[in-house]
Amino acid sequence: MANGSVVVVGGTVGLGRELAQAYADEGREVVVTGRDQGRAETAAQEIGGSTTGIGFDLAVPHTIAAALAEVGPVDHLVLAAIERDVNSVRDYDVDAALRLVTMKLVGFTEVVHALLPKLGDDSSILIYGGLARDRPYPGSTTVTTVNGGVTALVRALVWELAPIRINAIHNGIVGDSPQWRDMPPERHQALVDRTPIGRLVTMAESTGAARFLLENQAVNGINLSVDGGWTCM
């Protein structure tokens, strides 16, 4: 099935945008979403091709279905939106925790619910988690928890939505991504020294892994770590 669109929720920046660009460059119809309608439309124009921008906030899930109502048939659905959060138990910010949990678990699931009638039996869904699932750090209380929830969500949806395929990607430190590319050289080298492949993962490599999970018809229910070997350390 290649006649439906590629919908990338969180496709206006970062890894989501890189993936959206790859499909747009191949002439695919692409939909990118972000929290702000104007920014989503600007990103769609910059990506080019047959790309459309839609704005909605995943943390306000009751608005999602209406925002996606005009989307046509969907080949690949990508849930790539992230929100940086540093939240420790000692200094717990309940509002920040509620926002992130709602966004990444309830919001993601509501997107699937809203677009399910547009998905075919050969469609696929990819959810972005993260390295904090397996490698917690001070302040990752909520991030680690919700990324663990992504793992469980994949397992649940595999059975509930069969034969639609559902996978997750858990990226580590992607060295040339907007989040990491401007880090101080000494910080970069310290991270390289801890990475078994001797360098940091690239955005192109993350995109390649994402496309494998989306496109390979035999791959289903996988939580794939793309981290250069960090989870083995």
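To keep things clear, this report deals only with the structure shown in the data block. (Residues numbered from 1 in each chain as written. Predicted model: local features only at pLDDT ≥ 70, side-chain atom pairs only at ≥ 80, totals over all residues. Heavy atoms only, no water.)

## Here's the deal with helix α7 (residues 203-215)
Basically, it comes down to this: Secondary structure elements follow DSSP: runs of H or I no shorter than four residues count as helices, runs of E no shorter than two count as strands, and numbering proceeds from the N terminus. The span you would expect from a helix comes to 1.5 Å times its residue count less one. Residue burial is assigned from relative accessible area. The probe radius is 1.4 Å, only protein chains are included, and a residue is buried under 20% of its type maximum, exposed over 50%, and partly exposed in between. In what follows, a contact means two residues having at least one pair of non-hydrogen atoms within 4.5 Å.
When the terminal C-alpha atoms of α7 are compared, their 18 Å separation across 13 residues agrees well with the 18 Å that a helix rising 1.5 Å per residue should span. Along α7, the residues that are buried comprise Met203, Ser206, Thr207, Ala209, Ala210, Arg211, Leu213 and Leu214. Where α7 is buried, its residues meet α1 (14-25), β4 (74-79), β5 (119-128), β6 (165-171) and β7 (223-226).

## Digging into the environment of Ala210
By secondary structure assignment, the location of Ala210 is in helix α7. Ala210 sits in the buried class, given a relative accessible area of 0%. Between the C-alpha atom of Ala210 and that of His170, which follows or precedes it by 40 residues, the distance is 9.9 Å. Here Ala210 is in contact with Leu19, Leu126, Tyr128 and Ile169, once residues within four sequence places are set aside.

## Quick word on the sheet that holds β7
Condition: Should DSSP find at least two bridges between two strands, the strands are regarded as paired. The convention used is that axes are lines fitted to C-alpha atoms, helices contributing only their stretch in contact, and that angles between N-to-C directions extend from 0 to 180 degrees.
Taken in spatial order, the 7 strands line up as β3-β2-β1-β4-β5-β6-β7 in an open sheet, and their pairing is parallel. Among the strands making up the open sheet, the edge pair consists of β3 (51-55) and β7. On average, adjacent strands in this sheet sit at an angle of 20 degrees to one another, irrespective of strand direction. Where strand β1 (residues 5-9) and β4 come together, 5 bridges link them in parallel fashion. Looking at the pairing, Val8 lines up with Val78 of β4.

## Some remarks on the pattern of salt bridges
When the charged atoms of two side chains with opposite charge come close together, those side chains can pair. The criterion, for reference: Should a side-chain nitrogen of Lys or Arg be within 4 Å of a carboxyl oxygen of Asp or Glu, the pair is scored as a salt bridge.
Under the definition given, this model contains 7 salt bridges. Ionic pairing is found between Arg99 and Asp57, a salt bridge with its closest N-O pair at 3.0 Å. In this pair, Arg99 is assigned in helix α4 (residues 94-115) and Asp57 in the loop between β3 and α3 (64-67), connecting sequence segments 42 residues apart. The class of Arg99 is partly exposed, set by a relative accessible area of 22%.

## Examining the pairing of β5
Rules: With the strands aimed away from the viewer, a crossover counts as right-handed if its path from the first strand over the helix to the second runs clockwise.
For β5, the buried fraction is high: 8 of the 10 residues fall into the buried class. One ladder, built from 5 bridges, connects β4 with β5; its direction is parallel. Residue pairing in the sheet places Leu77 in a bridge with Ile125 of β5. After leaving β4, the chain enters α4 and then returns to the sheet as β5, a path that is right-handed. Two strands pair when backbone bridges link them, and β5 and β6 are joined in this way by 5 bridges, in the parallel orientation. From the neighbouring strand, Ile125 faces β6, where its bridge partner is Ile166.

## Considering the nonpolar core
We apply this condition: Here, the term nonpolar core denotes a set of buried Ala, Val, Leu, Ile, Met, Phe, Trp, Tyr and Cys residues that are joined through side-chain atoms within 4.5 Å.
Leu77, Val111, Ile125 and Ile127 are the most contacted members of the largest nonpolar core, which totals 36 residues. Contributing elements (two or more residues each) for this core: β1, β4, α4, β5, α5 (141-160) and β6. If we ignore the near neighbours within four places in the chain, the residues touching Ile125 are Leu77, Leu79, Val112, Leu119, Leu161, Ile164, Arg165, Ile166, Asn167 and Leu214. Of all hydrophobic cores here, the second largest spans 25 residues; its members include Leu126, Met203, Ala210 and Leu214.

## Focus: the packing of α1 against helix α2 (residues 37-47)
Put simply, the rule is: Any angle from 65 to 115 degrees is called roughly perpendicular, while one under 35 is roughly parallel, one over 145 is roughly antiparallel, and all others are oblique. Each crossing gets its handedness from the near helix: less than a right angle anticlockwise from the far helix is left-handed, clockwise is right-handed. Throughout this entry, Asp, Glu, Lys and Arg are counted as charged residues, while Ala, Val, Leu, Ile, Met, Phe, Trp, Tyr, Cys and Pro are counted as nonpolar. The remaining residues, Gly among them, count as polar.
Interhelical geometry of α1 versus α2 gives an angle of 45 degrees and a closest axis separation of 10 Å. Between α1 and α2, the angle is such that the two are oblique. The two elements α1 and α2 cross, and the hand of that crossing is right-handed. Residues Arg17, Ala20, Gln21 and Ala24 of α1 touch α2, and the partners they reach there are Ala43, Glu46 and Ile47. Grouping the amino acids of the contact of α1 with α2 by side-chain chemistry returns 4 nonpolar, 1 polar and 2 charged.

## Examining α2
In plain terms, the rule: Directions from the helix axis toward the C-beta atoms define the arc. Under this definition, polar contacts are N or O atom pairs within 3.5 Å; protein pairs additionally need one hydrogen-donor-capable and one acceptor-capable atom, and for neighbouring residues in sequence, both atoms have to be side-chain atoms.
Among the residues making up α2, those that are buried are Ala40, Ala43, Ala44 and Ile47. Projection of α2 onto a plane perpendicular to its axis shows the buried side chains occupying an angular sector of 100 degrees, all on one side. Seen from the buried face of α2, the exposed residues on the opposite side, beyond 90 degrees, are Gln45 and Glu46. For α2, the secondary structure elements touched by its buried residues are α1, β2 (30-34) and β3. Here α2 starts with a cap whose side-chain oxygen sits 3.1 Å from the backbone nitrogen of Gly38, and that cap is Asp36.

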